[in-house]
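Descriptive analysis of the structure
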Amino acid sequence: MERGKFISVEGIEGVGKSTNIEVLVRRIEAAGYEVLTTHEPGGTPYAKDIRDILLNRSDEPVPEIAELLLMFAARSFNVNNAIVPALEAGTWVVCDRFTDSSRAYQGGGRGIPLEIIDSIAGWVHGDAWPDLTILLDAPVEIGMARAGTRSEPDRIEQERHDFFQRVRECYLQIAAREPGRVVVIDTTRPLGEVRADIAALVDRLTGNV
Ligand SMILES: Nc1ncnc2c1ncn2[C@@H]1O[C@H](COP(=O)(O)OP(=O)(O)O)[C@@H](O)[C@H]1O
Ligand SMILES: [Mg+2]
């Protein structure tokens, strides 16, 4: 059985991850593959409980390192109990956020050294990196404006503009360092154009070009 492909979708709030994951998944399914769609933090019952602790409590300050370790604890459940079993069964996996989010938010945003984050990543998921990471990119103001009208912001979404500016810059640095894995898509353009770029990426991965 051919192993499934692992795709992560990254970017700051409001850049269009949820919107474009739908397009991505439909395109992969149309090519004849099964797809597991998952998101982080979350993806399994245990990981979902950790997500609640991480994002929805406000009764005690969260030390930066605790935030990082909880993110990776949740990721460990998702990788071991959902992502890798699916890939081994030939199912493709699309994950809304993965380790690049830890690098960008806890590293770029909070200032935890990337060497620490990458060493924990090596420990938690070894070489189970995505085959492809789609970085959806837009200026912070645009993301904020688009995200603005939806539900109450969670603990991390309440951060200030300069935090998300650092997160975005860190994402772009990761893309510059790992051009073979990370593809940047400018989502300030009309949705139709973004959708066409995503379809082309899927066609490349399915060998359908
Ligand atoms: N390329 C685009 N042009 C205009 N609006 C967009 C575009 N991509 C996404 N949106 C809109 O922006 C909002 C936030 O998108 P969403 O997919 O929820 O972002 P995320 O999941 O990254 O936070 C949604 O209302 C969506 O319709
Ligand atoms: Mg979303």
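Cut-offs and rules
Residues numbered from 1 in each chain as written. Chains lettered and ligands numbered in written order. Predicted model: local features only at pLDDT ≥ 70, side-chain atom pairs only at ≥ 80, totals over all residues. Heavy atoms only, no water. Helix = DSSP H or I, 4+ residues; strand = E, 2+ residues; numbered from the N terminus. Buried < 20%, exposed > 50% of the residue type's maximum accessible area, 1.4 Å probe, protein only. Contact = heavy atoms within 4.5 Å. 1 Å grid on protein atoms, 1.4 Å probe; cavity = no way out; pocket = protein on both sides within 12 Å on 5 of 7 lines; lining within 4 Å. Points joined across faces, edges and corners; volume = space filled by probe spheres on them. Nonpolar A, V, L, I, M, F, W, Y, C, P; charged D, E, K, R; others polar. Axes fitted to C-alpha atoms, helices over the stretch in contact; angles between N-to-C directions. Parallel < 35°, antiparallel > 145°, perpendicular 65-115°, else oblique. Left-handed = near helix turned anticlockwise from the far one by under 90°. Expected span 1.5 Å × (residues − 1). Patch = residues over 30% accessible without salt bridge, like charges linked within 9 Å, V, L, I, M, F, W, Y side chains within 5 Å. Areas by Shrake-Rupley, 256 points an atom, 1.4 Å probe, with all protein chains shown as cover. Salt bridge = Lys/Arg side-chain N within 4 Å of Asp/Glu carboxyl O. Pairing = 2+ DSSP bridges.

1. Overview of the side chain of Asn-78
Tracing the backbone through its elements, the reader meets Asn-78 in helix α3 (residues 64–88). Residue Asn-78 is classed as buried on the basis of its relative accessible area, which comes to 0%. Contacts of Asn-78, omitting those with residues within four sequence positions, involve Thr-38, His-39, Glu-40, Gly-42, Gly-43, Thr-44, Ile-83 and Cys-95.

2. Observations concerning empty space enclosed by the protein
To find leftover empty space, one rolls a probe the size of a water molecule over the atoms. Counted according to the given criterion, the structure contains 1 cavity of 30 Å³ or more. By volume, the largest cavity amounts to about 30 Å³. Counting residues per element, the ones that place at least two in the lining of the largest cavity are β4 (132–137) and α7 (161–177). For the lining of the largest cavity, the element with the most residues is β4, which contributes 3 residues. Of the residues that constitute the lining of the largest cavity, the class distribution is 6 nonpolar, no polar and 2 charged.

3. Overview of the layout of surface pockets
Reported here for the largest pocket is a volume of approximately 540 Å³. Glu-13, Lys-17, Asp-96, Arg-97 and Glu-157 are the residues nearest the centre of the largest pocket, which is lined by 27 residues in total. Sorting the residues of the lining of the largest pocket by element identifies α1 (17–30), α2 (45–56), α3, α4 (99–109) and α6 (140–147) as the ones contributing at least two each. With 4 residues, α4 is the single largest residue contributor to the lining of the largest pocket. The class makeup of the residues in the lining of the largest pocket is 8 nonpolar, 8 polar and 11 charged. What the second largest pocket holds in volume is close to 300 Å³. Looking at the second largest pocket, it is lined by 14 residues, and the ones nearest its centre are Ser-151, Glu-152, Pro-153, Asp-154 and Glu-157. Sorting the residues of the lining of the second largest pocket by element identifies α2 and α6 as the ones contributing at least two each. Among the elements that make up the lining of the second largest pocket, the one with the highest residue count is α2 (4 residues). Residue classes in the lining of the second largest pocket are distributed as 4 nonpolar, 3 polar and 7 charged.

4. A short note on the packing of α4 against α7
Close contact between α4 and α7 brings their axes to 8 Å; oriented N to C, the two are set at 130°. Here α4 lies oblique to α7, going by the angle between them. The two elements α4 and α7 meet at a crossing, and its hand is right-handed. Residue-level inspection shows Asp-100, Ser-101, Arg-103, Ala-104, Tyr-105, Gly-108 and Gly-109 of α4 in contact with α7, the latter providing Phe-163, Phe-164, Arg-166, Val-167, Cys-170, Tyr-171 and Ile-174. Residue composition of the contact of α4 with α7, by class: 8 nonpolar, 3 polar and 3 charged.

5. Brief notes about α1
For α1, with 14 residues, the first-to-last C-alpha span of 20 Å sits near the 20 Å given by 1.5 Å per residue. Within the sequence span of α1, burial applies to Lys-17, Asn-20, Ile-21, Val-23, Leu-24, Val-25 and Ile-28. Buried positions along α1 lie against β1 (6–10), β2 (35–39), β3 (92–96), β4 and α8 (191–206).

6. A few points about a nonpolar patch on the surface
Taken together, the side chains of Ile-65, Leu-69 and Ile-116 present a nonpolar region at the surface, about 250 Å² in accessible area. For Ile-65, the position within the fold is in helix α3.

7. Focus on the sheet that holds β4
With parallel pairing, 5 strands are arranged side by side in an open sheet as β2-β3-β1-β4-β5. A strand with exactly one partner marks an edge of an open sheet, and here the two such strands are β2 and β5 (182–186). Strand-to-strand, the axes of this sheet are offset by a mean angle of 20°, without reference to chain direction. Here α7 sits on the sheet in contact with β1, β4 and β5, set at roughly 140° to β4.

Purely spatial values, then, with no claim about function.
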